[in-house]
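Next come the chains, spelled out residue by residue.
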Amino acid sequence: MPPDGRLRVKFWGTRGSIPVAMTSAEVRRKLISALTRASGRKLETPEQAGAFLDRELDFAGAHTFGGNSSCVEIATGQRDYVLCDLGSGARVFGNEVLTTRGSSGQRFHAFMSHAHWDHIMGFPFFMPAYTAGNHITIYGCHADLEEAFRGQHAAPSFPVDFSRLSAAIEFVRLEPDREYQIAGLRVRPKLQRHGGDSYGYRFQSNDKVVVYSTDAEHKQDDLTEIKAFAQFFRDADLVIFDSQYSLAEATSIKEDWGHSSNVVGLELCQMAHAKRLCLYHHEPVSDDERIAALLAETRRLEEITRGDRRVEILAAYDGMEIAL
Amino acid sequence: MDLRPKRYVDTVVLSPVGRIDHSTSEDFKTALAPHMTRCAEGQDRVVLDFAGVEYISSVGLRVLMLASKQAKAQRGALGIAALQPAVREIFDISRFTMVLDVFPSVREGLARLSPKALAAFDAA
């Protein structure tokens, strides 16, 4: 929870479609590269080694973007937790809550983009759900959201039935384009183009705005839709955006697969005068170098297409925090 | 939008000018349509001379993608040539260079699409 009352966003899972993990060969390749670069350096303490990594290696050389599926925390400065989606990143988040705040007496608000498996698969491993005294409210616009959560706990998919979870769990259905006041935030859902539909959320706290818009395809020649999304993103401090595909993929072989691109994300943010675009829902086949290259290319595109306002470009990684 | 068509035997060279974005893409699409109808096996080949295009947004690229799909379905040939450096970067970043036939110059596009058209171009 932010001690200074600022809105903060923490990414617990940033990968699209399915969780991924670095292979042994990829870890070895990074180590060989780093050790080769360190040859002849005096690195006798953890501090010296850390400083070397920070100064001499780029992000992909010294870190990983991570592989958990969608889960983002919005820390409001209040005691309740606010989450977007409950992909496999929710498992890590839940364990962190147990460590830092204890196992019981917590209240969670989770806003669901939709119920595709990569967005709900963390819930059976979300430890606070197994403890009495915790309260979990799951919000969404789909009529069958509760059924999807109960279904993944049912035999033969999982050994613990949903009915045996000890936390108080409730489902609240929201209506798109209506504004709600929840957990200290003004929240507005918006229908998005995706198989079975998905919903984005615009969160506002005082003068800060975060938009969570994943699993959304945009048809560039539908000007009405483009303008509606530009309005949804209007003046946002941060737009978390599904950039799983290249624009060429999204308009050709992967058209109607329900995802978008870095190019469209930037154009919408430029139209909306948004301050930051965060590339999110990374393609599972992309390794760290590829995501880093996507970030660099998107920053370059922003430079060559910039009008009178700059859009800061970020690429989400598991564990990344942004203070607004 | 005036595409200033020039014919070289079996190939038409079209030369859009300016920005292709939300405010102009529909005009670009409309102007391109009759040429793409004839971009078919046994009929015309089409080269888009992009030397005068300063900027293209995603909606303009979508027009090119649809034109390319139409040409392939009709067994025609469509090339895009002479991209300005910034437009070339947009093509690279959007990965359109991987799905469209892009040439450094109109001459090189004609050389690939039609030797007869190249000969006429060189003689002109």
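Residues numbered from 1 in each chain as written. Chains lettered and ligands numbered in written order. Predicted model: local features only at pLDDT ≥ 70, side-chain atom pairs only at ≥ 80, totals over all residues.

Topic: the overall build of chain B
Formally: Segments assigned H or I by DSSP are reported as helices when at least four residues long, segments assigned E as strands when at least two residues long, and all are numbered from the N terminus. Counts of 20 or more other C-beta atoms within 10 Å of a residue's own C-beta define buried residues, counts of 12 or fewer define exposed ones, and intermediate counts define partly exposed ones; C-beta atoms are placed from the backbone. Residues are scored as being in contact if the C-beta atoms we place from backbone atoms lie within 7 Å.
On a plain count of helices and strands, chain B comes out with five helices and seven strands. When its helices and strands are written in sequence order, chain B yields β-β-β-α-β-β-α-β-α-β-α-α. Projected onto its principal axes, the C-alpha coordinates of chain B cover approximately 35 × 25 × 25 Å. Relative to its 124 residues, chain B shows a buried fraction of 48%. Contacts in chain B between residues at least 24 apart in sequence constitute 73% of all its contacts with a sequence separation of at least 6.

Some remarks on the overall build of chain A
The test is simple: Note that the radius of gyration is over C-alpha atoms, with the globule rule given as 2.2 Å times the number of residues to the power 0.38.
A tally of helices and strands in chain A yields 10 helices and 14 strands. For 324 residues, the compact-globule estimate of 2.2 N^0.38 gives 20 Å, and chain A sits close to it at 20 Å. If one aligns the C-alpha atoms of chain A with their principal axes, the spans along those axes are about 60 × 50 × 45 Å. Here chain A holds 324 residues, and the buried ones make up 43% of them. Long-range contacts, defined as pairs at least 24 residues apart, comprise 72% of the intrachain contacts of chain A with a sequence gap of at least 6.

Some thoughts on helix 2 (residues 58–73) of chain B
How we decide: The span you would expect from a helix comes to 1.5 Å times its residue count less one.
For helix 2 of chain B, built from 16 residues, the straight-helix expectation of 22 Å at 1.5 Å per residue is met to within 8% by its first-to-last C-alpha distance of 22 Å. Along helix 2 of chain B, the residues classified as buried are S58, V59, G60, L61, R62, V63, L64, M65, A67, S68 and A71 of chain B. Where helix 2 of chain B is buried, its residues touch helix 8 (247–250) and helix 9 (262–272) of chain A together with strand 3 (18–20), helix 1 (25–37), strand 5 (53–56) and strand 6 (78–81) of chain B. R75 of chain B sits one or two positions beyond helix 2 of chain B and adopts a positive phi of about 55°.

Describing the packing of helix 4 (residues 106–113) of chain B against helix 5 (residues 115–123) of chain B
Helix packing geometry: the angle between the two helix axes and the distance between the axes. Residue and element names in this part refer to chain B. Which entries qualify depends on this criterion: Working convention: axes come from line fits to C-alpha atoms, limited for helices to the stretch in contact. Angles between N-to-C directions cover 0 to 180 degrees. Ten residue types, Ala, Val, Leu, Ile, Met, Phe, Trp, Tyr, Cys and Pro, are classed as nonpolar, four, Asp, Glu, Lys and Arg, as charged, and the remainder, Gly among them, as polar.
Running from amino to carboxyl end, helix 4 crosses helix 5 at an angle of 145°, the nearest separation of the two axes being 6 Å. Residues R107, L110, A111 and L113 of helix 4 lie in contact with helix 5, whose contacting residues are A117, L118 and F121. Residue classes in the contact of helix 4 with helix 5 are distributed as six nonpolar, no polar and one charged.

Side note on the sheet that holds strand 1 (residues 6–8) of chain B
Residues and elements named next belong to chain B. What counts here: Here the rule is simple: two strands pair whenever DSSP picks up at least two bridges between them.
What the five strands build is an open sheet, ordered 1-2-4-6-7; its pairing is mixed. Every other strand in the sheet has two partners, leaving strand 1 and strand 7 (102–103) as the edge strands with one partner each. Summarising the sheet, strand 4 (residues 45–49) and strand 6 pair through four bridges and their orientation is parallel. Looking at the pairing, L48 lines up with I80 of strand 6.

Looking at the domain arrangement of chain A
All names here are of chain A. Here is the rule: Note: domain ranges come from an automatic or database domain assignment.
You can read the domains of chain A as domain 1 (8–21 + 64–323) and domain 2 (24–37 + 44–61). Computed over C-alpha atoms, the centres of domain 1 and domain 2 are 30 Å apart. Domain 1 puts four residues into the contact, and the matching count from domain 2 is four residues. Considering only residue class, the side of domain 1 that touches domain 2 consists of one nonpolar, no polar and three charged.

Describing the nonpolar core
When a protein is soluble and globular, its nonpolar side chains tend to lie buried together. Put simply, the test is: As used throughout, a nonpolar core is a set of buried Ala, Val, Leu, Ile, Met, Phe, Trp, Tyr and Cys residues joined through C-beta atoms within 7 Å of each other.
Grouped together as the largest cluster of nonpolar side chains are 115 residues, with contacts concentrated most on V72, L83, V210, F233, V239, I240 and L277 of chain A. Apart from the residues lying within four places of it in its own chain, the contact partners of V210 of chain A are L7, V9, I74, F203, A236, D237 and L238 of chain A.

Comments concerning the environment of H153 of chain A
The topology assignment puts H153 of chain A in helix 6 (residues 145–153). For the pair formed by H153 of chain A and R164 of chain A, sequence separation is 11 residues and the distance between their alpha carbons is 9.7 Å.

So, the confidence of the model for chain B
Rules: Residue-level confidence of the predictor is what pLDDT reports, using numbers from 0 through 100.
Residues at a pLDDT of 70 or more form 100% of chain B, whose mean pLDDT is 97. Two numbers describe this predicted complex: its pTM, 0.96, and its ipTM, 0.93.

Some thoughts on the pairing of strand 4 of chain B
Residues and elements named next belong to chain B. The buried count for strand 4 comes to five of five residues, which makes it a mostly enclosed element. Both faces of strand 4 are covered, namely the face carrying R45, V47 and D49 and the face carrying V46 and L48. Two strands pair when backbone bridges link them, and strand 2 (residues 11–14) and strand 4 are joined in this way by four bridges, in the parallel orientation. Bridge pairing in strand 4 places T11 opposite R45.

Concerning unusual backbone geometry
Residue and element names in this part refer to chain A. For the peptide bond that leads from A155 to P156, omega is 5°, which places it in the cis range. Tracing the backbone through its elements, the reader meets P156 in the loop between helix 6 and strand 6 (168–173). Unlike most non-glycine residues, A183 shows phi in positive territory, near 55°. Here A183 is to be found in the loop between strand 7 (180–182) and strand 8 (185–192). For A183, a count of 21 C-beta atoms within 10 Å translates into the label buried. Although it is not a glycine, N206 adopts a positive phi angle of roughly 55°. Mapped onto the elements of the fold, N206 is located in the loop between strand 9 (198–205) and strand 10 (208–213). Residue N206 is classed as partly exposed on the basis of its 13 C-beta neighbours within 10 Å.

Some points on the pairing of strand 1 (residues 8–13) of chain A
All names here are of chain A. Across three bridges, strand 1 lies against strand 14 (residues 321–323) in antiparallel orientation. Directly across from V9, in strand 14, lies its bridge partner I322. Relative to strand 2 (residues 71–75), strand 1 runs antiparallel, the two being bridged by five bridges. For G13, the partnering residue across the bridge sits in strand 2 and is C71.

Overview of the sheet that holds strand 8 of chain A
Residues and elements named next belong to chain A. Strand order in the open sheet formed by seven strands is 7-8-9-10-11-12-13, with mixed pairing between adjacent strands. Each end of this open sheet is capped by a strand with a single partner; those strands are strand 7 and strand 13 (312–315). Across this sheet, the average inter-strand angle for adjacent strands is 25°, counted without regard to direction. Here seven bridges tie strand 8 to strand 9, and the two strands are oriented antiparallel to one another. Within strand 9, the position partnered with R188 by the bridge is R202. The strands that helix 10 (residues 288–305) touches are strand 12 (276–280) and strand 13; relative to strand 13, the one it contacts most, it runs at about 170°.

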